[in-house]
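Take a look at the letters that make up each chain.
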Amino acid sequence: MKRLSLVFAVAIMAVIMFSSCNKKQDDVIVPNYASTVSGEVIIQNGDITLKSAPTAVTRNLYMYKGTAPTLALVDGTEFLPGSAPAIFWATPGNNPGSFPASTSVYSNYTPAMQIRMVAKTLDASNKPAYLGIWDGLPHAASFPVTIMGRRLGDVLTLNTDALTSLPGYTSMSFTVSYDKGIINVDNTATTSGPTTTDWPTYTYSNTVNVVDQAVTGLGVQTVYDGLDAKILGTITIKIHVDAATIIVTTPASELGHGLALTLRTNKIGWYDSGTMDIQDKDITVDARDVPVN
């Protein structure tokens, strides 16, 4: 499994109370604000079990407050007005922050309240490749924190060699049908559970039905290898041989797994003979004298 790491320091302090009063002594306003202590966060990217691991290029780090599905981006209002963290989080471009995936990142201003940290890693095509989610109420003892970035998408391959190697079936061909759910990465990031121990539970923007996708060639052929979708439901394989179509089905893989399908059969092949020379041979009649005395 290919793994990439990103380490950044997170600062957290206890929630403090700031009291202000007006001219009337009995009118007291008590707003809550957050400030900071240091802690380390490690982000590790993990691939699905059947993999063609994408290369991590850019990391976008989001800081949310609250719990899923009621989350809001940290915007500076969590801190004392005019304080350094209030100014930082209110500055456009700081949430999410964007960094090279190979670069260590230092952040001083994580609020000491229930938060969700989301690491969305992009590949060289600027497509989301890994998604990491961590929920917690940060304090000094909770660090270091590890966020597991899980590889998005799916992989489906098909090996037809056991059938195509049968002699006689020169006109054999294959098609594969399946449904794929287009992953809504942003929605998944704010509705799924953490990815510390498992893959995120995807939400989908829509479902695309792929019908009769031809599979040709020998050996392992790629049917789907992408980051944007998960194959869902039932996979249907149609084997076209002579005047018949044989249909077999298998369920799609679970989250965190790709699927390598290999067709197997106990059927046999056949051969056309050339012109056969059939020769008949008669028996030989032997002469024999039998004496009688």
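A brief report on the enclosed structure follows. (Residues numbered from 1 in each chain as written. Predicted model: local features only at pLDDT ≥ 70, side-chain atom pairs only at ≥ 80, totals over all residues. Heavy atoms only, no water.)

## Thoughts on the sheet that holds strand β14 (residues 154-159)
For step 1, the next point in the chain: In spatial order, the strands read β17-β14-β20; together these three strands make up an open sheet with mixed pairing. Pairing within the sheet leaves two strands with one partner each, and these edge strands are β17 (220-226) and β20 (259-262). Looking at each pair of strands side by side, their axes are set apart by 15° on average, direction ignored.
For step 2, the next point in the chain: Pairing of β14 with β17 involves six bridges; the strand directions are antiparallel. In the strand pairing of β17, Leu156 is matched with Tyr224. (Pairing = 2+ DSSP bridges. Helix = DSSP H or I, 4+ residues; strand = E, 2+ residues; numbered from the N terminus. Axes fitted to C-alpha atoms, helices over the stretch in contact; angles between N-to-C directions.)

## With respect to the pattern of salt bridges
For step 1, the next point in the chain: All told, the structure shown has seven salt bridges when counted by the stated rule.
For step 2, the next point in the chain: One salt bridge connects Arg151 with Asp225, and the closest N-O pair in it is separated by 3.1 Å. Of the two residues, Arg151 is situated in strand β13 (residues 145-151) and Asp225 in strand β17; the sequence distance between them amounts to 74 residues.
For step 3, the next point in the chain: The class for Arg151 is buried, based on a relative accessible area of 1%.
For step 4, the next point in the chain: Put simply, Lys238 and Asp212 hold a salt bridge, and the shortest N to O gap is 3.3 Å. Of the two residues, Lys238 is situated in strand β18 (residues 229-241) and Asp212 in strand β16 (residues 204-215); the sequence distance between them amounts to 26 residues.
For step 5, the next point in the chain: Using a relative accessible area of 23% as the deciding quantity, one classes Lys238 as partly exposed.
For step 6, the next point in the chain: We classify Asp212 as partly exposed; its relative accessible area is 40%. (Salt bridge = Lys/Arg side-chain N within 4 Å of Asp/Glu carboxyl O. Buried < 20%, exposed > 50% of the residue type's maximum accessible area, 1.4 Å probe, protein only.)

## Some points on the nonpolar core
For step 1, the next point in the chain: Within the largest apolar cluster, 22 residues are counted, with the highest numbers of intra-cluster contacts made by Leu156, Leu158, Val176, Tyr178 and Ile235.
For step 2, the next point in the chain: Among the elements of the structure, β14, β15 (173-183), β16, β17, β18 and β20 are those that each provide at least two residues to this core.
For step 3, the next point in the chain: The greatest single-element share of this core, amounting to six residues, is contributed by β18.
For step 4, the next point in the chain: What Leu158 contacts, discounting residues up to four positions off in sequence, is Val176, Val215, Gly219, Val220, Gln221, Val223, Ile237, Leu261 and Leu263.
For step 5, the next point in the chain: One finds Tyr64, Ile133, Leu152 and Tyr202 within the second-largest nonpolar core, a separate group that totals 12 residues. (Core = buried A, V, L, I, M, F, W, Y, C linked by side-chain atoms within 4.5 Å. Contact = heavy atoms within 4.5 Å.)

## Considerations on the packing of aromatic side chains
For step 1, the next point in the chain: All chains considered together, the criterion is met by five aromatic pairs.
For step 2, the next point in the chain: Residues Phe88 and Trp89 carry aromatic rings whose centres are separated by 5.0 Å and whose planes lie at 85° to one another, so their mutual orientation is edge-to-face.
For step 3, the next point in the chain: The exposure class of Phe88 is partly exposed, given its relative accessible area of 27%.
For step 4, the next point in the chain: Residue Trp89 is classed as buried on the basis of its relative accessible area, which comes to 6%. (Phe/Tyr/Trp six-rings, centres within 6.5 Å; stacked < 30°, edge-to-face > 60°.)

## Observations concerning the sheet that holds strand β19 (residues 244-251)
For step 1, the next point in the chain: Strand order in the open sheet formed by four strands is β16-β15-β18-β19, and the pairing between neighbours is antiparallel. Edge positions in the open sheet fall to β16 and β19, since each of these has one partner strand only. When strand polarity is set aside, the average angle formed by the axes of neighbouring strands in this sheet is 15°.
For step 2, the next point in the chain: Pairing geometry for β18 and β19, over eight bridges, is antiparallel. Looking at the pairing, Ile237 lines up with Val248 of β19.

## Here's the deal with the side chain of Asp154
For step 1, the next point in the chain: Along the polypeptide, Asp154 turns up in strand β14.
For step 2, the next point in the chain: Taking the relative accessible area as the measure of exposure, Asp154 reaches 1% and is therefore buried.
For step 3, the next point in the chain: For Asp154, the side chain forms a polar contact with the side chain of Lys230, separated by 2.8 Å. (Polar contact = N/O pair within 3.5 Å; in protein donor to acceptor, adjacent residues only side chain to side chain.)

## Concerning the environment of Gly149
For step 1, the next point in the chain: Inspection of the secondary structure assignment puts Gly149 in strand β13.
For step 2, the next point in the chain: What makes Gly149 buried here is its relative accessible area of 1%.
For step 3, the next point in the chain: Sequence-wise, Gly149 and Asn45 are 104 residues apart; in three dimensions their C-alpha atoms are separated by 4.2 Å.

Any functional reading would require information beyond the geometric quantities listed.
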